[in-house]
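Next come the chains, spelled out residue by residue.
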Amino acid sequence: MKKVAYLRKEKETVEIDYPLGKVWAAIPEALASLEWTVEQVDNEAHHVKAKTKPSFMSYASLLLIDAGAVDKKTARVTVTAETPVTTITSIVDFGRTRDRIELFFEALAKQLTIHENTG
């Protein structure tokens, strides 16, 4: 049986009640707390390319994270996640790409809370 590979892609945009500077500073810390690899950072465009860890029966996901200011007090973060899957791993991987986006947003919220309580 031949394996057919394709990308499973998910995208989510969230508005966060913190200024862009604070959100941008917390993104690498959130990724580090998850032990995900930062592959590329563009500070001017507020763009990060990161990779999750692979897990049992699942490939790593590529995350494209873009941040921007809505206004002085609010930032918007968009995360696009792509996970290569095969006909076999797609059964086991169902929902994992979305879960990884949610894990990132949870880690980001945690970092922002830590900074708020310490700074």
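In this report, the structure presented in the accompanying data block is examined.

How each quantity is defined
- Residues numbered from 1 in each chain as written.
- Predicted model: local features only at pLDDT ≥ 70, side-chain atom pairs only at ≥ 80, totals over all residues.
- Heavy atoms only, no water.
- Helix = DSSP H or I, 4+ residues; strand = E, 2+ residues; numbered from the N terminus.
- Expected span 1.5 Å × (residues − 1).
- Bend = angle between axes of the 7 residues up to and from the residue.
- Buried < 20%, exposed > 50% of the residue type's maximum accessible area, 1.4 Å probe, protein only.
- Core = buried A, V, L, I, M, F, W, Y, C linked by side-chain atoms within 4.5 Å.
- Polar contact = N/O pair within 3.5 Å; in protein donor to acceptor, adjacent residues only side chain to side chain.
- Contact = heavy atoms within 4.5 Å.

### Looking at helix H1 (residues 20-33)
- Given a rise of 1.5 Å per residue, 14 residues ought to cover 20 Å, and the 20 Å separating the end C-alpha atoms of H1 matches this to within 8%.
- Its axis deflected by about 25 degrees at isoleucine 27, H1 carries its strongest bend there, up to four residues before the proline proline 28.
- Every buried residue belonging to H1 is among Leu20, Val23, Trp24, Ala26, Ile27, Ala30 and Leu31, and all of these are buried.
- Trailing H1 by a residue or two, glutamate 35 shows a phi angle of about 60 degrees, which is positive.

### Side note on the nonpolar core
- Counting 25 residues, the largest nonpolar core has Val23, Ile27, Ile65, Val77, Phe104 and Leu108 as its most contacted members.
- Per-element accounting of this core gives the leading share, seven residues, to H1.

### Observations regarding the side chain of serine 61
- Position of serine 61 among the secondary structure elements: in the loop between strand S3 (47-51) and strand S4 (62-71).
- Of note is the side chain of serine 61, whose polar atom sits 2.4 Å from the side chain of threonine 83.
- For serine 61, the contacting residues outside a window of four places in its chain are Ala50, Lys51, Thr52, Glu82, Thr83, Thr97 and Arg100.

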